[in-house]
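Now for the letters of each chain:
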Amino acid sequence: MEFTLQSFEILSIGLIVMGLFLAVIPVGHGDTRLRGYRISLKVLALSFVCLSTYCLLKAKMPRELLYVPFFVSSHIQVCLLGLAHLNLLNLNIVHKKMVLLNFCPLFSCVAVFALVQQFFPFVNLTSWEILFNSLSNPSVIVRILWLLVYITQILYYAVIFFREERTYYRELGNFLSEKPNAKYRLALFSFIGALLAGADSICICLTLNKFWGGIFNLIMLLIYAAMCLCFIKYPAIFFRVSSVISDTPEERTELQPTTPWSSLKQKIREDKLYLAEGLTIDQLANMLNINKRVLSYMINTMEGANFNTFIGRLRTSEAQEIMKKHTDLSLSEIAFKVGYSEQSNFSRQFKSVTGFTPGDYRKKLQTND
């Protein structure tokens, strides 16, 4: 089974439309905090245009293994997508030096291949038999090494992505009682797209069947469409997160706690401050009249947990008491009573603390009765 040129043209048009969509999203150019977001929009729009070219190239490319023009196109595409999805997790990660470093492997491979071509004949690898018989040709060896470099760069992006993802969630856990997942989903969509683009390239470089290109690109098109829809929500999510995490000059000043943690914790418990919906460390710090960085440090050191986990434990304990006393309340009502805006967040944190879902815990209570 093979996809026709018409199929690839449809994919190409779809990608161009999405690229234009990203390019015209109103961002608010006066706000310097969204500079990283604007960079991601430009990089993603450019990557969509490159992927559109990449799709047409696959439709017209000759039946050849390790096809060099295709290598160049796919390598550029993965570099752009890699930088884009990393930038969504960390708005300060993409800068000129990093861009140059990420494109260095591609430039090096192109330079080495061009140099080898000056001294050794080029071999058209139209079959695996020709490939195996030509392994002594430096031109073929360079193309194989290029493929290995390409795969290594994809793996590098995967490692960096998950490292930044852990840092992102750890940071949010220090400031928010409920973590917004939409920002991470944006990066995840882009990350999956980059991996699929890489898998697509590897399959086409190592097989003469164009079916791979059609399958992977159809999946990528759906993923990118979902990503574009989610991208609209990004500024609102970003402002919610940045407003909590960012510091004022006064908050950056090193301050020593004037109240012992035992007294602060007692007030949090007795006044049930943890029940405020969407509670942030800013809000709790204001209630306790303490610097938010100091409060975060005290929770981390005295409780051995971040703010999110600490509040989750208190809310879970409160939810358990409510379940025992009010068997008629629904789980969504209980979630709202203990400060969660979404039942899914309540269920996730409840299970992380007790090892049971709220529903299973309620059944366990009923069985014991």
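The structure under discussion appears in the preceding block.
Residues numbered from 1 in each chain as written. Predicted model: local features only at pLDDT ≥ 70, side-chain atom pairs only at ≥ 80, totals over all residues. Heavy atoms only, no water.

*Asks:* Looking at this model, I keep getting lost on the overall build of the protein. Mind explaining?
*Replies:* Across its full length, the protein holds 17 helices and zero strands. A separation of at least 24 residues holds for 73% of the contacts in the protein among residues at least 6 apart in sequence. Accessible surface, the protein: about 18,300 Å² in total, of which carbon and sulfur atoms supply 62%. (Helix = DSSP H or I, 4+ residues; strand = E, 2+ residues; numbered from the N terminus. Contact = heavy atoms within 4.5 Å. Areas by Shrake-Rupley, 256 points an atom, 1.4 Å probe, with all protein chains shown as cover.)

*Asks:* Would you mind going over the packing of aromatic side chains with me for this structure?
*Replies:* Ring pairs (aromatic) are described by centroid distance and by the angle formed between their planes. Scanning the entire structure with this criterion turns up ten aromatic pairs. Here the aromatic rings of Phe161 and Phe162 are separated by 5.3 Å at their centres, their planes lie at 80°, and the arrangement is edge-to-face. With a relative accessible area of 0%, Phe161 lands in the buried category. Owing to a relative accessible area of 36%, Phe162 belongs among the partly exposed residues under this scheme. A ring pair is formed by Phe346 and Phe350, whose centres lie 5.7 Å apart and whose planes are at 65°; its orientation type is edge-to-face. Here Phe346 pairs with Phe350, and both are found in helix α16 (residues 343–354), just four residues apart, close to one helical turn. Phe350 sits in the buried class, given a relative accessible area of 0%. Members of the aromatic cluster, joined through ring pairs, are Tyr340, Phe346, Phe350 and Tyr361. The residue whose ring lies beneath Arg315 is Tyr340, and the NZ or CZ to ring-centre distance is 4.8 Å. (Phe/Tyr/Trp six-rings, centres within 6.5 Å; stacked < 30°, edge-to-face > 60°. Buried < 20%, exposed > 50% of the residue type's maximum accessible area, 1.4 Å probe, protein only. Lys NZ or Arg CZ within 6 Å of the ring centre and 35° of its normal.)

*Asks:* What's the story with a nonpolar patch on the surface in this structure? I'm lost.
*Replies:* Side chains of Trp128, Phe132, Leu135 and Leu206 sit close together on the surface and give an oily, nonpolar patch of about 380 Å² of accessible area. Relative to the helices and strands, Leu135 resides in the loop between α5 (128–133) and α6 (138–173). Accessibility expressed as a relative area gives 39% for Leu135, which makes it partly exposed. (Patch = residues over 30% accessible without salt bridge, like charges linked within 9 Å, V, L, I, M, F, W, Y side chains within 5 Å. Salt bridge = Lys/Arg side-chain N within 4 Å of Asp/Glu carboxyl O.)

*Asks:* Before we go on, may I ask you to explain the packing of helix α12 (residues 281–288) against helix α13 (residues 292–303) in this structure?
*Replies:* Any two packed helices are characterised by how steeply their axes cross, that is the angle between the axes, and by the distance between the axes. One can describe the packing of α12 onto α13 by two numbers: an axis separation of 9 Å at closest approach and a directional angle of 100°. In terms of their interaxial angle, α12 and α13 are classed as roughly perpendicular. Where α12 abuts α13, its residues Ile281, Asp282, Leu284, Ala285 and Leu288 lie against Lys292, Leu295 and Ser296. Residues of the contact of α12 with α13, tallied by class, amount to five nonpolar, one polar and two charged. (Axes fitted to C-alpha atoms, helices over the stretch in contact; angles between N-to-C directions. Parallel < 35°, antiparallel > 145°, perpendicular 65-115°, else oblique. Nonpolar A, V, L, I, M, F, W, Y, C, P; charged D, E, K, R; others polar.)

*Asks:* I tried to follow the environment of Leu221 on my own but got confused; where do I start?
*Replies:* On the secondary structure map, Leu221 appears in helix α8 (residues 211–231). Excluding residues within four positions of it along the chain, Leu221 makes contact with Leu11, Gly14, Leu15 and Met18.

*Asks:* How do you make sense of the environment of Leu65 when you look at a structure like this?
*Replies:* Note on placement: Leu65 falls in the loop between α2 (35–60) and α3 (68–89). The buried category is assigned to Leu65, whose relative accessible area is 1%. Distance from Leu65 to Thr207, taken between C-alpha atoms, is 6.5 Å for residues 142 residues apart in sequence.

*Asks:* Mind showing me how you'd approach the nonpolar core here?
*Replies:* Side chains of a nonpolar character, in soluble globular proteins, are inclined to be buried together. Within the largest apolar cluster, 55 residues are counted, with the highest numbers of intra-cluster contacts made by Leu22, Phe48, Leu66, Leu86, Leu125, Trp146 and Tyr224. Mapped by element, the contributors of at least two residues to this core are α1 (5–24), α2, α3, α4 (96–117), α6, α7 (182–206) and α8. The greatest single-element share of this core, amounting to 13 residues, is contributed by α6. Excluding residues that lie within four positions of it along the chain, Leu86 makes contacts with Ile93, Met98, Tyr157, Ile160, Phe161 and Glu164. (Core = buried A, V, L, I, M, F, W, Y, C linked by side-chain atoms within 4.5 Å.)

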